[in-house]
Each structure stands twice: as structure tokens, then as C-alpha cells.
Amino acid sequence: MSEVMTNGPKVILKFNESILKEIEIIQPEFTIGRRAVNDLVIDHAAVSGRHARIVQVQSVFFLEDLKSTNGTFVNDRRIERKQLLDTDVVTIGKHRLIFRDAVNNGRPSDQPKFNGFDKTTVMTGQKVRASGAERTVGVVQIISGRTDRKEYKLTKRLTIIGSQDQATIKLTGYFAPKIAAMIGRRGKGYFISTSEDVKVIHVNSKAVKGQADLKDGDLLEIKGVKMYFYLKEPTQP
């Protein structure tokens, strides 16, 4: 089978050296597993029923392991959650998936690596429109810890928490990591993700690895900074 880029991002499923199928990713959540309900079904004993999923946040794609038995690997490294870049090789059981980002037309991606969190993304500058299903806006209020402000409105699709210049919620402690976490918006709700440098944060005193949905009134603790997350209606003009 020849490899032809489709109009959108896709995965190419391979077993040994044979290409089994190519599937375009057309929905914001793309599931992979042995069960028939998945978007990509891999019928092999080494694959869990719900093994992994690819989640799209704007033009950025993340791969998440769904607590599979045998794990999910990207470029031969086991991951819990990792941003996918063009030509990344995902290993699930005995199968390999090649991720192709059609936006890049096969060229090496210039997207920042969220798994490493060493750069920011132009996505952080895109505002959330306060209309329709997205009327509420998230707010983070600092309870304790060192930051440059005491309150932040989450008006961007992706909000970086860290000490780097591009961070919205800027940690000012001497040992603060450049990227500690990220808060994103998906549909009506918000979620928080850990970084590779800070693998564990706390939501309502419970340790979180990877990603967790945020609810109105949640208490967050990230590298010694305690925060209160709540939702508010936008100010009417």
C-alpha cells in the first residue's frame, strides 16, 4: 500500500513491515484498543480493550495511555501522556502506528513539545469566545505561594503554569520549573495536565498524574503554590 497524505492527520497501522490500514483522525477523541467500539481496533492479545486514545486540543494532538496492561510507547519510550509530532512511531502490543500530521505535509513538525514543556505555543494566544456553550470563564485565584499576581482569568485555550516568560500563571519561586502544568479548555469544561518536569500535581489533595478534568471550586497545588479554581460568567458589555 502506498502512503498518500489525506486532508487531515492520520495514523498508519503496521504489523512487522506490512501496512494494514490508514485511518484519518476526524474527531477530537480517537480511541485505540481491542474492543470493537474503538475507532481503531487492533485484534491482538497484547492490546487492552481500551488501550490508548489520541486527543486533539486545537491543532495539537496528545496520546494518552488508558492504564493498559502492556503500556503505550512513543519512539520506544513508555508514556502516560505525550504530545504527538509528525512521524512519531507509537507501539501498542506488537503493532506500530505512525502518526502523520497533514498540516506539516510530511515535514518535521515545528510544534512545541508539550511533553517536554520547553517551549510555548501560539495556541496560548487564542482567546476563548464567551458565547453559546462557552459563556463561563475559568478563574484561578492564588491562595498561597509565589506568583506574579493573585488572580488569573483563563481566557486562552491553553494556559501555561510555570516560570518561563510565556507562562500566563507565572511561578516566581527560585526553583520554579519553566513549565509546571497546563490548563486547557475542551468544549464547556477545563482540564489540567502535568508536564514531564512535574509529573505529579494535586487536585483537592489527591495526586494527579497526566490529566484531570477541573470542576468549579477545585483546589490545586502545584510546586508548593495553592490555587482555587472557579467558574464565572463573563462581564456583559
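Residues numbered from 1 in each chain as written. Predicted model: local features only at pLDDT ≥ 70, side-chain atom pairs only at ≥ 80, totals over all residues. Heavy atoms only, no water.

K.L.:
Any chance you could explain the sheet that holds strand S7 (residues 72-74) here in plain terms?
P.N.:
Sheets are built from strands that pair by backbone hydrogen bonding, the pairs being arranged parallel or antiparallel. Judged by pairing direction, the sheet is antiparallel, and its six strands sit side by side in the order S2-S1-S11-S10-S7-S8 without closing on themselves. On the outer flanks of this sheet lie strand S2 (18-24) and strand S8 (77-79), each paired with one strand and no other. The mean angle between the axes of side-by-side strands here comes to 30 degrees, regardless of whether they run parallel or antiparallel. Bridge count between strand S1 (residues 10-15) and S2: six bridges; the pairing is antiparallel. (Pairing = 2+ DSSP bridges. Helix = DSSP H or I, 4+ residues; strand = E, 2+ residues; numbered from the N terminus. Axes fitted to C-alpha atoms, helices over the stretch in contact; angles between N-to-C directions.)

K.L.:
Would you take a moment to explain the sheet that holds strand S9 (residues 81-84) for this structure?
P.N.:
Read from one edge of the open sheet, five strands run S4-S3-S5-S6-S9, paired in mixed fashion. Among the strands making up the open sheet, the edge pair consists of strand S4 (40-41) and S9. Bridge count between strand S5 (residues 52-57) and strand S6 (residues 60-65): six bridges; the pairing is antiparallel. Bridge pairing in S6 places isoleucine 54 opposite leucine 63.

K.L.:
Can you walk me through unusual backbone geometry in this structure?
P.N.:
Peptide bonds are, in most cases, trans, and in most cases residues other than glycine have a negative phi. For threonine 87, which is not glycine, the phi torsion reads 75 degrees and is therefore positive. With respect to the helices and strands, threonine 87 occurs in the loop between S9 and strand S10 (89-92). On the accessibility criterion, threonine 87 (42% relative accessible area) is partly exposed. Residue lysine 223 is not a glycine yet carries a positive backbone phi of 50 degrees. Checked against the element boundaries, lysine 223 lands in the loop between strand S21 (219-222) and strand S22 (225-232). (Buried < 20%, exposed > 50% of the residue type's maximum accessible area, 1.4 Å probe, protein only.)

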